[in-house]
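# A structural walkthrough
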Amino acid sequence: MKPLVGVASLKKLFPVGKGRQLHAVDGVDLAIGEGDSLGVIGESGSGKSTLARLVARLVDPDEGVIRIGGRDIGSMPAARLARDPLRRAIQLVFQNADDALNPAFTVSRNIAIRLGRTKLDGEARRRVDLAATEVGIPATLLARRPHQLSGGQQTRVGIARAMISEPRLLILDEPTASLDVSVQANVLKLIDALRRKRGMAIFFVSHDLEVVRLICRRVLVLYLGRVAETGDAATVLGQPRHPYTQALVAATPGMGRGKPLAGEPTSPIDPPAQACLFASRCPLAVERCRRERPLLRNVGGRDVACHRAEETAPAG
């Protein structure tokens, strides 16, 4: 599979006063091929959304490399990137579609805004109509305002607005979290169908492991900004080897079983560089875990950052 996205040693730190820093993303590597789908999972505060915004260059990295189509966009000035055609090749869909849509604009104008237009001439109108049809928005809704739509319809407008730019990479940050189950399923089917039809790559952020299992071929598990486990979604979620991934699966209805995690999470503010950040909650932690940072290594067909990964019994 031809590589599209390449991220290496990516870091993002946020100052919190008195010289202290919150490590939101701490040395992440990832790759996404053209037409591939990567799901990023983890608890709230794990760094998922920050990672998505870094890849989209809505946030500037402190360290590391971000390559799209072989070009380094991580070091590209924001003003230059905004004028570059590559900017349009990277599109985002956010969780709260209503907040992302301009309430004063019609559905048509909200979709057309990604073309850099608010007035709909013949060509813009044609492209809006095509995008709306592709995502299942009836023509009767195009003259309405966002508040006149259901949550599922608003989400489809957000997807249409992204698709009108013909992206190579579509980044979705919890796009179905606020929808009920039946509507969520339809939107997920739409996203997967668009990926297959367009051949674009998907970067899908979610806390819902079942959603990721259904829509993503590969998965990356984040814990306090670091990669805990990554690999084929069926392998990682079906037989997790990192104790943190096992806990996430166990806590997901219909997927796992097990006891909730005990202990207090390590603070993401100035965390120890040479330690496993999960050690304070891990039932398998030993002294080595508190003094030596585990590196990603292949165990059982996936990469896992755990000193005792060979000893973990695959769940499921």
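Below or above, wherever it landed, is the structure these notes cover.

About the cut-offs
Residues numbered from 1 in each chain as written. Predicted model: local features only at pLDDT ≥ 70, side-chain atom pairs only at ≥ 80, totals over all residues. Heavy atoms only, no water. Pairing = 2+ DSSP bridges. Helix = DSSP H or I, 4+ residues; strand = E, 2+ residues; numbered from the N terminus. Salt bridge = Lys/Arg side-chain N within 4 Å of Asp/Glu carboxyl O. Buried < 20%, exposed > 50% of the residue type's maximum accessible area, 1.4 Å probe, protein only. Core = buried A, V, L, I, M, F, W, Y, C linked by side-chain atoms within 4.5 Å. Contact = heavy atoms within 4.5 Å. Axes fitted to C-alpha atoms, helices over the stretch in contact; angles between N-to-C directions. 1 Å grid on protein atoms, 1.4 Å probe; cavity = no way out; pocket = protein on both sides within 12 Å on 5 of 7 lines; lining within 4 Å. Points joined across faces, edges and corners; volume = space filled by probe spheres on them.

So, on to the sheet that holds strand β5 (residues 71-72). What the four strands build is an open sheet, ordered β2-β1-β4-β5; its pairing is antiparallel. Whereas interior strands pair on both sides, the edge strands pair on one side only; in this sheet they are β2 (20-33) and β5. Two strands pair when backbone bridges link them, and strand β1 (residues 3-17) and β2 are joined in this way by 11 bridges, in the antiparallel orientation. Across the sheet, the residue bridging to G6 is A31, located in β2.

Evaluated as defined, the whole model comprises 21 salt bridges. Linking D270 and R20 is a salt bridge whose minimum nitrogen-to-oxygen distance equals 3.9 Å. With D270 in the loop between α11 (243-250) and α12 (287-291) and R20 in strand β2, the pair connects residues that are 250 residues apart, well separated along the chain. On the accessibility criterion, D270 (38% relative accessible area) is partly exposed. Across the pair R213 and E210 runs a salt bridge, and its minimum N-O distance is 2.5 Å. You can see R213 and its partner E210 sitting in helix α9 (residues 209-215), three residues apart, about one turn around the helix. E210 sits in the partly exposed class, given a relative accessible area of 26%. Through salt bridges with shared partners, a single network forms among K11, D26 and R226.

Before going further, it helps to spend a moment on the nonpolar core. Ranked by size, the top nonpolar core spans 56 residues in total, and within it I41, I111, I137, I159, L170, I191 and F204 carry the most contacts. The residues touching I159, leaving out its near neighbours within four places in the chain, are V93, V135, V187, L190, I191 and L194. L51, I66, I73 and V227 belong to the second-largest nonpolar core, a separate cluster that totals 33 residues.

All right, on to the sheet that holds strand β12 (residues 302-304) then. Sheet architecture is open: eight strands sit in the order β6-β7-β8-β3-β9-β10-β12-β11, paired in mixed fashion. Pairing within the sheet leaves two strands with one partner each, and these edge strands are β6 (90-93) and β11 (297-299). Neighbouring strand axes in the sheet, compared pairwise and without regard to direction, differ in orientation by 20° on average. Examined bridge by bridge, strand β3 (residues 37-41) and strand β9 (residues 218-223) share four bridges and lie parallel to one another. By the bridge assignment for β9, L38 is matched with R218. Contacting β3, β9 and β10 (226-232), α11 runs over the sheet at an angle of about 105° to β9.

Note on placement: E43 falls in the loop between β3 and α1 (48-55). E43 sits 138 residues away from V181 along the chain, and the two C-alpha atoms are 21 Å apart. With residues up to four places along the chain from it excluded, the contact list for E43 reads K48, Y223, Y244, L248 and R281.

In this section: the layout of surface pockets. In this model, the largest pocket occupies a volume close to 280 Å³. Forming the boundary of the largest pocket are 17 residues, of which R226, V227, R293, P294 and A305 lie nearest the centre. Contributing elements (two or more residues each) for the lining of the largest pocket: β2 and β10. Examining the composition of the lining of the largest pocket, we find that three residues originate from one element, β10, more than from any other.

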